[in-house]
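Survey of secondary and tertiary structure
Here is what each chain is made of, one letter per residue.
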Amino acid sequence: MGREAEYFSKDFDWEKLKQEVESNPSLSYHFQPFDSNSPSIPSPSQDSQAWNQFHIRHSTGRFFKVGRDNITIYACDCSNEALERANKMIEVSNVGPVAHRFHLFHCDFSTNGFPKWLACDSCQGNFLQKQHDQFSDAEENKDKSLNNSSSFGGKCCTGGVDFVTLIFTLSAVPLHRMPSAIRECFSVLKPGGLLLFRDYGLYDMTMLRFEPDKRVGFREYMHSDGTRSYFFCADTVRDLFTSSGFNELELEYCCVKSTNRRIGKSMHRVLVHGKFQKPF
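Note that this is a predicted model, so its numbers are computed, not measured.

Some remarks on the side chain of Arg-269
Structurally, the position occupied by Arg-269 is in strand 9 (residues 265-277). In this structure the side chain of Arg-269 is engaged in a polar contact, spanning 2.8 Å, whose partner is the side chain of Asp-204. Filtering out sequence-adjacent residues up to four positions away, Arg-269 remains in contact with Phe-12, Tyr-200, Asp-204, Met-205, Thr-206, Cys-254, Cys-255, Val-256 and Ser-258.

Focus on the sheet that holds strand 4 (residues 189-200)
Pairing within the open sheet is mixed, and its 4 strands lie in the order 3-4-9-8. Only two strands of the sheet have a single partner each, and these edge strands are strand 3 (161-167) and strand 8 (247-260). Taking the axes of each pair of neighbouring strands and ignoring which way they run, one obtains an average angle of 15° across the sheet. Where strand 3 lies against strand 4, 6 bridges are found, and the strand directions are parallel. Across the sheet, residue Ile-167 finds its bridge partner in strand 4, namely Arg-198.

A look at the pattern of salt bridges
Counting across every chain of the model gives 9 salt bridges. Asp-121 is the partner of Lys-116 in a salt bridge, and the nearest nitrogen-oxygen pair spans 2.8 Å. Judged by its relative accessible area of 46%, Lys-116 is partly exposed. In this structure Asp-121 comes out as exposed when scored by relative accessible area, which is 53%. Salt bridges here are not isolated pairs; linked through shared partners, they connect Asp-235, Arg-238 and Glu-248.

So, the nonpolar core
With 45 residues, the main nonpolar core has Leu-170, Leu-195, Phe-197, Phe-232 and Phe-241 as its most contacted residues. When contributions to this core are tallied by element, the ones reaching two or more residues are helix 1 (14-22), strand 3, helix 6 (178-188), strand 4, helix 8 (234-242), strand 8 and strand 9. In terms of residues, this core owes the most to one element, helix 6, which gives 6 residues.

Looking at the packing of aromatic side chains
For the structure on display, the rule yields 15 aromatic pairs. Ring plane angle 65° and centroid distance 5.5 Å describe the contact between Phe-197 and Phe-241, whose orientation is recorded as edge-to-face. Note that Phe-197 is positioned in strand 4 and Phe-241 in helix 8, a separation of 44 residues in sequence. A residue is classified by how much of its surface remains accessible, and Phe-241, at 0% relative accessible area, is buried. Taken together, a centroid distance of 4.8 Å and an interplanar angle of 70° make the contact between Tyr-230 and Phe-232 edge-to-face. Accessibility expressed as a relative area gives 0% for Phe-232, which makes it buried. Joined through ring pairs, the aromatic side chains of Phe-186, Phe-197, Tyr-230, Phe-232, Phe-241, Phe-246 and Phe-276 make up one cluster. Over the aromatic face of Phe-186 sits the side chain of Lys-278, whose NZ or CZ is 4.7 Å from the ring centroid.

Here we look at the environment of Gly-192
Among the structural elements, Gly-192 can be located in strand 4. Classification of Gly-192 as buried rests on a relative accessible area of 16%. Along the backbone, Gly-192 and Pro-279 are 87 residues apart, and their C-alpha atoms lie at a distance of 5.4 Å. Ignoring any residue separated from it by four or fewer positions in sequence, one finds Gly-192 in contact with Gln-277, Lys-278, Pro-279 and Phe-280.

Comments concerning the sheet that holds strand 6 (residues 220-222)
Pairing is antiparallel across the open sheet formed by 3 strands, whose spatial order is 5-6-7. Because the sheet does not close on itself, it has two edges, and the strands there are strand 5 (215-217) and strand 7 (228-230). Sheet twist, expressed as the average angle between the axes of neighbouring strands with direction ignored, equals 30°. With 2 bridges connecting them, strand 5 and strand 6 associate as antiparallel partners. Across the sheet, Gly-217 pairs through a bridge with Glu-220, a residue of strand 6.

Scoring rules and cut-offs
Residues numbered from 1 in each chain as written. Predicted model: local features only at pLDDT ≥ 70, side-chain atom pairs only at ≥ 80, totals over all residues. Heavy atoms only, no water. Helix = DSSP H or I, 4+ residues; strand = E, 2+ residues; numbered from the N terminus. Polar contact = N/O pair within 3.5 Å; in protein donor to acceptor, adjacent residues only side chain to side chain. Contact = heavy atoms within 4.5 Å. Pairing = 2+ DSSP bridges. Axes fitted to C-alpha atoms, helices over the stretch in contact; angles between N-to-C directions. Salt bridge = Lys/Arg side-chain N within 4 Å of Asp/Glu carboxyl O. Buried < 20%, exposed > 50% of the residue type's maximum accessible area, 1.4 Å probe, protein only. Core = buried A, V, L, I, M, F, W, Y, C linked by side-chain atoms within 4.5 Å. Phe/Tyr/Trp six-rings, centres within 6.5 Å; stacked < 30°, edge-to-face > 60°. Lys NZ or Arg CZ within 6 Å of the ring centre and 35° of its normal.

This is the structure we're talking about:
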C-alpha cells in the first residue's frame, strides 16, 4: 500500500490518554457535573444563525488540512448559492444520463426533519411493515419484498435512501436534539440501509482547549462564534443509535497523532468511528 493510501487510526492508546487527562488537575473541570442553572441554552434559531455566519466566513468550503494524511477537510456550505453551484457542476459534467438521480437540498433535520420527497409517510410505513413481517414470518416477507415495489416507483417520493453519512455533523447538534435527529435518519433509510458516523471523540485535543466558561453542557462546548461541539464517548454513540433502532456493525476510537511542525508540538486527535444498520 502506497503512503498516499495509508490511513492512521491507532497512533496511541485511548485508555492511556484517558488516564493521563483525568489525572491532570488542571483539566478536571471538563469532567465535573454541569450546572443546570448556567445561562440558558441557545434556541434552534440562534444555533442556525451561528452556523449561517460560519458558512459565510468559509464560503469557499475549504476549512483546514490534515498534513500527514494529505486530507483536506471541507466545511459544508448550506447556502442556496452552494446548491446553485452544485447544480451547475452537475449540468457541465458527464453525468447527463443520470442527472435525474441527483437531488440537492439543505435542511436542519434536527428540528424540521427531512423533506417528505425523500421518504413519504406511506413509504416509511411500508418500511415498518416490512420489518414487522420479517420478524413474524421471514420467508413470506422475502417473497413479498421481491415482488412488491409499488411504493418505490419514484412517483410519491424517492423511496428512501441506502446510506446516510453523519461526518462531523451530530456534534454540532445540541445533545437534547440528537435522538430526534437520529430518528429522522432512521426513518428515511431503507431496510438494510447504512448510517456512517464519524465525529469528535472524548479527550480530543480540541475539547481540552476549551476554557471552563465555554461549557454549555456535559461534554458540550460553545465556540466564540456561537457554534457548538459535543465530544462523544463510544458508549454514548452506541446508546444514541441503538435506542433509535439501529444495529451496531462497527464502533471504535480513531486515535491520530499529528504534529505542528512550525512549533514542534505533538497533538492527540480522537475521533469516534461507527457504522450502523437499519434492520431488514
